[in-house]
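# Working through the structure, step by step
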Amino acid sequence: MRFIPHTEADVAAMLQTLGVAHIDDLIAHVPENLRNSAAIKLAAGRTEAEVAAEVSALAAGNRGAAGFISFLGGGYYRHYVPAAVRAITARAEFATSYTPYQPEVSQGTTQAIFEFQTLIAQLTGLDVANASMYDGASAAAEAILMAHRVLPKRHVVAISRALWPDYRATIRTYLSALGTLKLVEVPLESASGMIDLSALEGLANDELLCTVTGYPNAFGVIEPLGQIADMTHRAGALAIAVTAEPLALGLLKPPGALGADIAVGEGQSFGMPLQFGGPGLGFIAGRTAHVRQMPGRLVGQTRDSAGRRAYCLTLATREQHIRRERATSNICTNHSLCALAATAYLSLMGRQGLRELAARNVELAHQAQKALEGAGMRRRFSGQYFNEFVVAVDNPEAMLEVAEKHGVLAGLALDRDYPDLGGALLISVTEMNTPGEIERLCDVLAGGR
Amino acid sequence: MRFIPHTEADVAAMLQTLGVAHIDDLIAHVPENLRNSAAIKLAAGRTEAEVAAEVSALAAGNRGAAGFISFLGGGYYRHYVPAAVRAITARAEFATSYTPYQPEVSQGTTQAIFEFQTLIAQLTGLDVANASMYDGASAAAEAILMAHRVLPKRHVVAISRALWPDYRATIRTYLSALGTLKLVEVPLESASGMIDLSALEGLANDELLCTVTGYPNAFGVIEPLGQIADMTHRAGALAIAVTAEPLALGLLKPPGALGADIAVGEGQSFGMPLQFGGPGLGFIAGRTAHVRQMPGRLVGQTRDSAGRRAYCLTLATREQHIRRERATSNICTNHSLCALAATAYLSLMGRQGLRELAARNVELAHQAQKALEGAGMRRRFSGQYFNEFVVAVDNPEAMLEVAEKHGVLAGLALDRDYPDLGGALLISVTEMNTPGEIERLCDVLAGGR
Amino acid sequence: MAVTDKAGAVAASAAERPDHTDNRVPLIFEESSPGRRGVDAKGGAASEERAIAILGDELCRSEIEGFPELSEPQVLRHFLRLSQLNFGQALQFYPLGSCTMKYNPVLNDEMAALPGFAGLHPSTPPRLAQGAIELMARMEAALAEISGMDAVSLAPAAGAQGELAGLLMIRAWEEHRGKVRRKVIIPDTAHGTNPASCTLAGFDVVVAPSGPRGYLEASAIRGLLSDDVAALMVTNPNTLGIFEPEIQEIAAALHERGAMLYLDGANMNALLGVAKPGDMGADIVHINLHKTFSTPHGGGGPGAGPVAVKRHLEPFLPYPRIVKRPASGTGDRGGQWEFDYDRPLSIGRLRSFHGNFGMLVRAYTYILAMGGDGLAAASRHAIMNAAYVRKRLEEHFPSATAEPTMHECVLTHDLDQRSGVSTLDIAKRLLDFGVHPPTIYFPLVVHGALMIEPTETESRETLESFIATMEQIYAEAIENPETVKAAPHALKLRRIDEVTAARRPILRWTREG
Amino acid sequence: MAVTDKAGAVAASAAERPDHTDNRVPLIFEESSPGRRGVDAKGGAASEERAIAILGDELCRSEIEGFPELSEPQVLRHFLRLSQLNFGQALQFYPLGSCTMKYNPVLNDEMAALPGFAGLHPSTPPRLAQGAIELMARMEAALAEISGMDAVSLAPAAGAQGELAGLLMIRAWEEHRGKVRRKVIIPDTAHGTNPASCTLAGFDVVVAPSGPRGYLEASAIRGLLSDDVAALMVTNPNTLGIFEPEIQEIAAALHERGAMLYLDGANMNALLGVAKPGDMGADIVHINLHKTFSTPHGGGGPGAGPVAVKRHLEPFLPYPRIVKRPASGTGDRGGQWEFDYDRPLSIGRLRSFHGNFGMLVRAYTYILAMGGDGLAAASRHAIMNAAYVRKRLEEHFPSATAEPTMHECVLTHDLDQRSGVSTLDIAKRLLDFGVHPPTIYFPLVVHGALMIEPTETESRETLESFIATMEQIYAEAIENPETVKAAPHALKLRRIDEVTAARRPILRWTREG
Ligand SMILES: Cc1ncc(COP(=O)(O)O)c(C=O)c1O
Ligand SMILES: Cc1ncc(COP(=O)(O)O)c(C=O)c1O
């Protein structure tokens with residue numbers, strides 16, 4: 001067996017030391033009935049070549065992974081990943097190490113996390129970020145729980161309906177068991193595609209725990225986060241901003257600067273492949289005053305006994321392995337290697353590269369939207385947007401099928417989640433799309449109507 | 001520019017230190033007429049994404065790289081390369097280091113080469129091997145030059161006609177300038193596909209410098225290396241064995257044991273992708289007595305000043321950078337990273353794995369040959385073979401075209417190089433071919449006639 | 001001027017500890033220089049102005065304070081040098097108990113990187129993603145077979161999220177049947193995520209003291225049962241490495257009282273082909289693919305924590321579920337794989353999209369490579385390696401239990417009394433020998449615990465070397481305890497002060513420093 | 001018993017120098033254990049017997065004496081640990097003169113690994129390999145444009161083979177014209193491959209002393225010319241880093257006497273967009289893709305050494321040549337790329353197949369990324385970096401020449417007289433600071449030469465740090481020379497004894513040891 005080194009001689013010698021005749025004698029104490037039914041009925045082991053062939057065949061079965069012009073977005077975004085990112089995350093020293101519980105032999109991981117925490121804090125305009133969460137959706141749920149630890153007496157959670165359906169569903173799941181919290185969905189302003197501020201106003205009282213707003217939101221629209229935060233603060237509550245396309249933060253005002261108390265999101269755009277939706281990267285940032293209520297791991301700067309700068313996990317008393325049932329979260333394994341990918345990606349992009357990439361996304365998306373407008377496809381919302389937007393169409397599903405036949409994945413139909421919008425298509429445009437592809441999109445959609 | 005770090009501020013500051021106003025002032029001493037015509041008329045630099053797209057399109061233009069059932073061999077062989085080999089050669093510490101002139105910071109490279117030298121010596125059954133040559137063909141040429149340094153008074157080089165045409169051509173080129181050496185091609189025994197021993201006998205006199213024999217040869221046939229070596233030695237000459245499919249050495253008697261004085265070959269089968277023919281790996285092994293006549297680099301074992309075992313380049317007085325025009329060869333850059341791939345590959349295969357893989361190649365090839373025989377395709381030669389063989393057909397080129405239309409690359413037509421054989425097809429079968437593919441080969445070839 | 005200062009600093013530090021492995025790699029922010037870039041962006045600076053014009057100033061930020069600016073060669077060098085400061089399983093023996101640091105086959109990563117997987121958007125129409133969904137379906141089936149359960153969800157991002165899903169299913173199932181129990185029993189040896197997940201799922205934790213012999217006794221559990229107990233959450237083998245001998249009686253007792261058995265499958269590496277959780281009577285089990293199924297730990301993650309249940313809980317699994325729809329008009333033979341969102345009883349969504357797919361590809365690749373026979377062999381060899389280490393070390397590092405143990409062993413020692421050398425000191429001294437220490441001080445019930453899990457992929461030579469090293473450290477601890485107490489010595493850093501880090505937390509770089 | 005001995009050994013060594021980076025990784029043969037395997041082969045042992053039955057015993061060996069036997073995890077760990085004992089350009093500053101250790105973009109390797117290239121058999125019918133042949137054709141065109149030559153062959157595996165090809169072309173051309181000259185002039189500063197290639201090509205070497213100012217003077221060359229001189233082989237910039245100022249007059253003088261100018265393009269990194277060899281009057285130039293065009297050096301290779309010529313030599317280039325055949329019947333538009341073997345005047349084949357294609361893909365990827373403008377910028381920055389180091393170090397490490405230098409500078413020093421510290425000592429001391437030393441004692445004409453080539457991809461901070469380190473070493477050499485003479489200190493190995501290695505050569509492992 002290529003992964004199991006022992007030879008027959010090794011086994012014989014070791015069993016002799018253990019004073020048993022057969023390796024199965026070592027599990028003789030396991031109840032016989034269990035052992036008797038334990039055989040695993042799966043095909044026998046195969047050579048590497050055979051395995052590679054079989055798995056590659058499955059990969060080839062995903063026709064949508066290549067050969068289509070794609071405008072799919074809506075929470076996961078198509079961005080170019082520089083080769084250097086792969087070279088870095090492929091390093092065995094990073095990939096095959098565990099959580100850095102032994103800082104003396106984990107400085108590579110701990111320093112990279114410290115850099116990641118800093119980058120996220122810089123992008124969100126907040127004080128501190130943690131070492132990563134699973135994804136944007138669970139991070140949003142954890143943000144609400146964090147807010148609740150900060151304001152235990154309050155119980156109303158106001159969530160914009162323009163938050164991604166997956167995120168709202170995940171939040172519902174995470175909060176389902178805690179009878180104490182009341183989820184209220186704030187309706188949208190149907191014209192702008194933004195949160196209905198007057199409706200929010202109605203919730204702004206001393207029961208309000210927090211507001212949860214997409215920035216940009218599920219329609220690509222840039223919510224008036226400043227106004228929302230002010231309203232929230234006036235009610236003494238916490239404003240939570242949720243970002244699924246963090247590239248936007250290269251150009252948009254940072255949530256922290258607009259008054260958000262907690263900023264969470266999905267980091268997939270920063271150097272992670274699409275890989276059918278995971279693993280991506282959840283991030284969470286907040287204010288220093290609330291750091292002891294944060295979920296997940298934190299790396300801090302310290303020194304070794306010789307006074308040299310070093311980094312290690314810290315404030316662990318918040319965590320499950322110390323605090324157990326009173327921990328700030330149950331998270332243990334996080335998305336550390338994805339955080340490393342993001343750190344490498346952002347370091348490569350740099351200040352200028354990131355801003356220019358964000359700018360190019362804006363330019364192309366608006367170019368596409370104008371072109372579609374020209375082709376008679378009305379934009380559904382008036383609110384300003386970053387790199388995705390919604391167009392009003394009669395029968396999105398049918399349209400998408402036609403486009404697909406012409407080799408274009410034109411976007412996402414929002415009907416299932418937002419039937420009230422009446423025929424809406426979410427179209428996402430990134431630097432991966434060429435002007436030529438945008439033309440093609442117009443042609444097939446115009447034809448499709 | 002992503003690969004050039006200097007900012008405008010850096011350049012300004014550095015130029016100030018250098019006391020010049022503009023970076024071009026640093027090349028002002030280059031004759032003006034040269035500078036004026038030096039502009040490089042190539043497209044401007046592109047983003048990584050654009051470059052990746054353009055080069056990938058060229059790769060996609062190689063329809064023959066995938067989607068065909070292939071039986072191509074004849075000097076380069078289709079073998080599975082374990083993923084671990086790529087993980088090892090991708091290590092930046094190996095890939096981006098220079099020739100290990102500073103052993104204290106090159107022990108990774110020098111020890112790996114020492115291991116490579118040992119593995120090649122073990123496989124060839126000879127005393128010592130060097131750190132690598134460019135490829136099998138140039139290694140064969142260098143072997144003859146090495147033999148000439150051992151026996152300067154002799155000048156006839158007897159080359160089997162069953163040596164690969166590329167190899168014979170390369171040898172001709174390498175020897176073309178040295179008027180002293182006389183190349184004689186030894187005819188084949190048309191029935192067996194082996195060297196014509198009686199013809200060789202005719203050359204076995206005190207003018208004979210060396211015999212050069214493929215093992216296995218260009219027809220996949222296993223030459224009677226022992227008899228050839230004896231005959232060669234009786235004439236006081238040196239026997240050179242040339243192996244293009246080194247996997248055969250896992251199962252066949254080693255050249256050294258059969259009397260070969262120098263064994264050279266192509267190492268591509270040991271963990272290198274086909275990549276259209278290069279880089280592969282030339283190897284050369286010989287007897288201790290002749291080591292000072294060897295071309296190329298050698299790593300030896302030594303100690304550091306504290307007595308610890310270490311490895312470094314040695315016997316460099318043979319080489320161009322010391323001996324200049326009297327060097328044993330002009331080779332400087334060799335194929336070190338390919339030697340590392342081979343070392344990793346052979347370590348993974350191990351004694352048992354290598355023998356079993358060689359065995360599987362033999363089994364499948366003979367299975368295919370029998371099947372073709374059954375389908376009425378006569379084997380051209382009677383000599384025993386390893387994993388490729390020749391079948392006699394009327395019009396090979398036409399046959400290959402038909403097979404190609406059916407998605408099969410059925411082999412190589414030997415007509416151009418061996419017109420006298422009258423319609424011959426070289427078919428190579430490796431572990432990459434399934435029994436199903438062999439059936440398919442029979443069908444299309446049978447149909448093709 | 002910034003640049004020369006920086007340069008000076010670099011040179012100085014080099015002078016101080018001249019070594020190319022000097023571990024004070026500057027922070028990426030300290031290597032930054034205004035205007036430098038690691039990528040060439042299309043559009044360039046001009047497009048930045050145009051974009052700001054499109055969006056309007058009021059929406060835009062003018063700066064990203066302190067953001068790094070480096071060239072590609074600098075960035076690569078920075079992270080490659082950082083990597084050299086880590087231990088990793090691929091390079092060192094890493095017997096971290098309860099973490100199953102086994103070999104991660106290189107092929108796993110290559111398969112996950114195939115364009116057909118890496119380039120697949122999660123919202124791709126299922127008909128264009130059949131290979132990926134089929135892989136998930138096969139993975140569900142394989143895990144069901146391996147664990148002896150009826151249905152599997154691959155959604156959980158990690159074990160802890162699998163725990164949350166499992167506990168929420170228990171709650172949903174009870175709500176569905178009208179009564180909600182408030183308590184979950186957890187042994188004192190449990191992993192921290194177990195109680196933490198209970199809290200998140202709204203249950204109160206009842207701690208069950210592990211019996212005198214280190215395992216749960218059915219009688220003790222019976223004593224804790226009541227109509228308010230929803231479940232018992234137990235890790236088997238438990239964190240002492242003991243296979244819970246009375247697990248079946250315990251399951252029966254629970255079921256009798258209408259409670260469920262949640263089996264924490266983090267230690268599944270002991271059970272492959274040895275005993276199936278389903279057969280033990282488990283109603284729910286989660287499996288950490290990053291432990292038993294060889295996906296890399298990545299310095300803390302990502303992993304995947306699929307949750308498997310018995311038939312009665314299937315309707316409560318998180319959505320979406322994978323289903324095969326009968327052949328549609330599109331002409332696919334044998335129907336088409338799709339996602340089912342219409343799951344009225346489901347606990348809901350755990351996260352966005354379909355789970356950590358990239359990890360599923362790796363684990364599936366591993367399962368194909370090992371096969372049923374290989375997996376069974378893996379557990380047996382893992383158990384033998386742990387037993388061997390326990391046996392060979394028993395003189396100076398006796399086992400915390402007299403019971404037979406499985407894939408890991410928990411050892412203790414008397415060095416603190418004999419020479420004031422603590423378990424932490426031993427752990428730090430191991431670093432000097434190029435060994436990653438075992439899990440220490442866990443489980444909490446064992447004095448100065450050393451929790452050792454060698455895994456099946458380590459050679460006998462490695463075990464012998466580790467044993468010799470442990471013996472040497474024991475001798476050192478007696479002869480000159482200071483050497484051990486002051487460890488590590490051979491690394492670029494001495495022992496790191498974790499206390500100060502927590503007292504005055506510095507959690508990010510700032511220009512002011 | 002073998003295993004325990006080995007284990008004992010490992011533990012012992014660990015004890016001796018406790019450090020995970022202890023560099024005595026055992027030899028792969030010493031980690032071997034009978035019956036272990038790193039791959040699962042289809043067919044297995046049974047097929048071995050069947051194959052031997054097929055071939056017959058007399059043809060088969062029964063054993064591969066001493067061949068290693070390890071598991072996959074062991075093999076990976078072995079080589080990853082070995083890798084950690086190397087310096088590499090990606091991790092350290094590596095200013096090795098004449099070697100152009102510039103950054104190797106990661107994308108290059110990814111492109112070479114694309115299945116469409118990696119999986120392409122060299123004997124694939126050209127119609128099924130159009131992408132690969134077109135890449136080669138584009139590469140030929142790009143190199144012709146960059147070098148100012150008329151035709152290019154990509155066949156040479158490295159610079160030295162390019163030299164051989166070039167010299168053989170000169171000979172073939174002369175033979176074609178009926179007269180054969182026997183001499184080639186080479187400056188005393190030339191790289192060793194130049195004279196070695198001359199010998200191989202059957203020419204006698206005439207050494208031209210470089211002039212008092214470090215470059216060749218046309219007058220001196222004229223003095224050496226005769227009807228028996230076939231060519232002058234010169235590196236420009238020469239190995240002192242000086243651009244040969246009289247190169248054009250020299251070319252004219254050569255051509256006047258019917259001799260040719262062979263320009264060694266190893267230092268092409270100084271000439272991109274600065275001066276084209278073709279314009280200098282070169283008849284032949286070879287280019288090292290592993291230097292100027294960023295393909296990795298791989299610990300010594302592989303590289304690629306394309307050779308470019310002026311029109312009159314085109315017929316003599318090695319075959320096969322790349323040609324575009326008019327559209328055949330198969331319906332391809334614009335014709336089809338093919339290989340032409342019918343080259344009556346060609347010097348013949350240099351090696352099997354079509355050259356080191358994998359390296360061509362990397363270099364072409366680099367050329368596309370840089371573009372014409374980027375390449376021109378690269379040489380200018382490379383020249384500035386070298387000039388900056390020369391200037392900043394001039395006090396203690398003066399330049400070997402007063403002439404302006406290009407992409408590299410050759411420095412000397414007085415430390416041997418002042419304190420008995422040699423250039424080798426300085427080189428070894430640099431290792432302690434994490435810097436790979438420059439090329440030393442070359443060119444031979446410079447006393448204690450330090451030949452420094454920073455390349456354009458190194459940042460100013462790195463140069464500043466290097467400068468500070470050199471100054472520090474100079475100071476050390478005066479204050480306590482022993483520190484420098486005994487260097488390195490900070491590595492796992494002290495200075496390695498290369499003399500003994502050559503006196504009693506041990507060139508392979510044997511069981512007896
Ligand atoms: C026994 C046990 N249970 C649960 C967990 C939590 O799993 P994860 O870290 O994947 O969330 C772990 C992991 O450390 C564990 O060891
Ligand atoms: C000036 C010069 N000429 C020729 C060569 C030989 O090139 P290669 O090593 O690629 O054979 C080199 C390489 O070191 C060189 O520096």
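Here the structure is a predicted model, which is why all the values come from computation and not from measurement. (Residues numbered from 1 in each chain as written. Chains lettered and ligands numbered in written order. Predicted model: local features only at pLDDT ≥ 70, side-chain atom pairs only at ≥ 80, totals over all residues. Heavy atoms only, no water.)

Attention now moves to the site of ligand 1. Not every one of the 16 residues close to ligand 1 is listed here, only the nearest: T333 of chain A together with S98, D264, H290 and K291 of chain C. Between ligand 1 and T333 of chain A there is a distance of 2.6 Å, counted from an oxygen atom to a side-chain nitrogen or oxygen. Here ligand 1 loses 99% of its free accessible area of 390 Å² to cover by the protein chains. Among the elements that make up the shell around ligand 1, the one with the highest residue count is helix 7 (residues 159-176) of chain C (three residues). Split by residue class, the shell around ligand 1 holds five nonpolar, eight polar and three charged. (Near = heavy atom within 4 Å. Polar contact = N/O pair within 3.5 Å; in protein donor to acceptor, adjacent residues only side chain to side chain. Areas by Shrake-Rupley, 256 points an atom, 1.4 Å probe, with all protein chains shown as cover. Helix = DSSP H or I, 4+ residues; strand = E, 2+ residues; numbered from the N terminus. Nonpolar A, V, L, I, M, F, W, Y, C, P; charged D, E, K, R; others polar.)

Before going further, it helps to examine the site of ligand 2. In the vicinity of ligand 2, 16 residues are found, and the nearest of them are T333 of chain B together with S98, D264, H290 and K291 of chain D. Mapping the residues near ligand 2 onto chains gives chains B and D. The contact in question runs from an oxygen atom of ligand 2 to an N or O atom on the backbone of A160 of chain D, over 2.8 Å. H290 of chain D is positioned with one of its side-chain polar atoms (N or O) 2.7 Å from an oxygen atom of ligand 2. Summarising the interface, the protein chains cover 99% of the accessible area of ligand 2, which totals 390 Å² for the free molecule. Per element, the largest residue contribution to the shell around ligand 2 is three residues, and it comes from helix 7 (residues 159-176) of chain D. Looking at the shell around ligand 2 residue by residue, the class counts come to five nonpolar, eight polar and three charged.

Let us look at the packing of helix 12 (residues 357-393) of chain C against helix 15 (residues 460-479) of chain C. All names here are of chain C. Contact geometry of helix 12 with helix 15 gives a least axis separation of 10 Å together with a crossing angle of 30°. Judged by the angle between their axes, helix 12 and helix 15 are roughly parallel. Crossing angle aside, the handedness with which helix 12 passes helix 15 is right-handed. Across the interface between the two elements, N385, Y388, V389, R392 and L393 of helix 12 pack against R460, L463, E464, F466, I467, M470 and E471 of helix 15. Of the residues assigned to the contact of helix 12 with helix 15, the class counts are seven nonpolar, one polar and four charged. (Axes fitted to C-alpha atoms, helices over the stretch in contact; angles between N-to-C directions. Parallel < 35°, antiparallel > 145°, perpendicular 65-115°, else oblique. Left-handed = near helix turned anticlockwise from the far one by under 90°. Contact = heavy atoms within 4.5 Å.)

Quick look at helix 7 (residues 136-150) of chain A now. Across its 15 residues, helix 7 of chain A extends 21 Å between first and last C-alpha, which sits within 8% of the 21 Å expected from 1.5 Å per residue. Here helix 7 of chain A lies mainly inside the structure; 13 of its 15 residues are buried. (Expected span 1.5 Å × (residues − 1). Buried < 20%, exposed > 50% of the residue type's maximum accessible area, 1.4 Å probe, protein only.)

Turning our attention to the state of the cysteines. Tallied over the entire structure, the rule returns zero disulfides over all chains. With no disulfide partner, C99 of chain D has as its closest neighbouring cysteine sulfur the one in C332 of chain B, 7.8 Å distant. The exposure class of C99 of chain D is buried, given its relative accessible area of 6%. (Disulfide = S-S within 2.5 Å.)

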